[in-house]
Amino acid sequence: MGRTSDAKNKILTAARTLFEQRGYSALGVAEICKAAGVPKGSFYYFFESKEGLALAVIDEHWTAERRDWEQVLNTDAEPLQRLQRLFEATEARQQAAQDSCGAVLGCMFGNLSLEMSNQADALRGRLQEIFEAQVAMVEAVVSAARERGEVAVADTHEAARSMVAQLEGQVLFAKLYNNPARLNTLWPSCRALLGVQDDPKAPVHA
């Protein structure tokens, strides 16, 4: 049983790395199995297809990313500080990826959306659910900021959607130019979008 579980984890780990570095369409099951160091039979024991594997990788990645978002957004810090920390954490992850493999990898969800959203309904639906969850998490913080009179937005949901869209767009530019510093403009842009009037000087880092 231990070896069986290990084989599944190896497949998931290899697939995630390959999806991040090369995308989905160019990869075959045989190549994923080779990278994982497992026989093809092991793949089909756990996954019905490459699409099924992609869904599992997406879910695993979102479980980890959601935990990271919750650690940033669900704190006692002031709402605007929480939002800024989210963007800083995103830039730090892209910088770490560049330091590790020499390239900004971008967002797996964004990358797969661009590549696969018009080809695989199951993947598109799952990615939509993830982005809607991100919007809901950001909206909760934007609403808290509006209650404090710190932002001037009439529709917190649309404001949150625009912020997530800006985040994805800037991550895309960071990948395109292989430059995590492209994310430096994200917070000032979102402050303007939210109608933040003053510039609080409270430290962002704990």
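Residues numbered from 1 in each chain as written. Predicted model: local features only at pLDDT ≥ 70, side-chain atom pairs only at ≥ 80, totals over all residues. Heavy atoms only, no water.

### Quick notes on the overall build of the protein
Alright, step 1. Tallying secondary structure elements over the protein gives 9 helices and 0 strands in all.
Alright, step 2. Shown N-terminal to C-terminal, the secondary structure of the protein runs as helices and strands in the order α-α-α-α-α-α-α-α-α.
Alright, step 3. The buried share among the 206 residues of the protein stands at 44%.
Alright, step 4. Within the protein, contacts between residues at least 6 apart in sequence are counted, and of these 67% link residues at least 24 apart.
Alright, step 5. Accessible surface, the protein: about 10,700 Å² in total, of which carbon and sulfur atoms supply 50%.
Alright, step 6. Here the protein contributes 22 positively and 27 negatively charged side chains, and the mean placements of these two sets differ by 6 Å. (Helix = DSSP H or I, 4+ residues; strand = E, 2+ residues; numbered from the N terminus. Buried < 20%, exposed > 50% of the residue type's maximum accessible area, 1.4 Å probe, protein only. Contact = heavy atoms within 4.5 Å. Areas by Shrake-Rupley, 256 points an atom, 1.4 Å probe, with all protein chains shown as cover. Lys, Arg positive; Asp, Glu negative; His and termini not counted. Charge placed at Lys NZ, Arg CZ, Asp CG, Glu CD.)

### Some points on the packing of aromatic side chains
Alright, step 1. Overall, the coordinates contain 8 aromatic pairs when judged by the stated rule.
Alright, step 2. Both rings, one in W62 and one in F109, keep their centres 6.1 Å apart while their planes meet at 75 degrees; by these two values the pair is edge-to-face. Of this pair, W62 sits in helix α4 (residues 50–73) while F109 sits in helix α6 (residues 108–116), placing them 47 residues apart in sequence.
Alright, step 3. A connected cluster of aromatic rings, assembled from ring pairs, spans F43, Y44, Y45, F46 and F47.
Alright, step 4. Lying across the ring of Y24, K50 places its NZ or CZ 4.2 Å from the centre.
Alright, step 5. Directly above the aromatic system of Y177 lies the positively charged group of R182, at a separation of 3.7 Å from the ring centroid. (Phe/Tyr/Trp six-rings, centres within 6.5 Å; stacked < 30°, edge-to-face > 60°. Lys NZ or Arg CZ within 6 Å of the ring centre and 35° of its normal.)

### Considerations on the nonpolar core
Within soluble globular proteins, side chains that are nonpolar tend to cluster in buried spots.
Alright, step 1. By size, the foremost hydrophobic cluster in this structure holds 61 residues, and its most contacted members are L53, L83, V138 and L194.
Alright, step 2. Elements represented by at least two residues in this core include exactly α1 (2–22), α2 (29–36), α4, α5 (79–101), α6, α7 (121–147), α8 (156–177) and α9 (186–194).
Alright, step 3. Here this core takes 11 residues from α7, the largest share from any one element.
Alright, step 4. Counting residues domain by domain, this core receives three or more from each of domain 1 (1–47) and domain 2 (55–193).
Alright, step 5. When neighbours within four sequence positions are excluded, L53 is seen to be in contact with I11, L12, A15, I32, F43 and F47. (Core = buried A, V, L, I, M, F, W, Y, C linked by side-chain atoms within 4.5 Å. Domains from an automatic or database assignment.)

### Some points on the UniProt feature "DNA-binding region" (unreviewed entry) in the protein
Alright, step 1. Mapped onto this numbering, the UniProt entry annotates "DNA-binding region" (unreviewed entry) at residues 28–47.
Alright, step 2. The distance separating the terminal C-alpha atoms of residues 28–47 is 13 Å; by composition the span is 75% helix and 0% strand. (UniProt positions renumbered as here; feature names shortened; annotations may be inferred.)

### Overview of the domain arrangement of the protein
Alright, step 1. Examined at the domain level, the protein breaks down into domain 1 (1–47) and domain 2 (55–193).
Alright, step 2. A C-alpha centroid distance of 27 Å is found between domain 1 and domain 2.
Alright, step 3. The partner domain 2 presents 10 residues to the 10 residues of domain 1 that form the contact.
Alright, step 4. Carbon and sulfur atoms make up 67% of the surface buried where domain 1 meets domain 2, a total of about 1,000 Å² over both sides.
Alright, step 5. Counting the surface domain 1 buries against domain 2, the share from its top three residues, R16, E20 and Y24, is 51%. (Buried area = accessible area lost by both parts, 1.4 Å probe.)

### Examining the state of the cysteines
Alright, step 1. Tallied over the full model, the rule gives 0 disulfides.
Alright, step 2. The thiol of C107 is not disulfide-bonded; the next cysteine sulfur, from C101, is found 15 Å away.
Alright, step 3. No disulfide involves C190; its nearest neighbouring cysteine sulfur is the one of C107, lying 15 Å away.
Alright, step 4. On the basis of relative accessible area, C190 is assigned to the buried category, the value being 0%. (Disulfide = S-S within 2.5 Å.)

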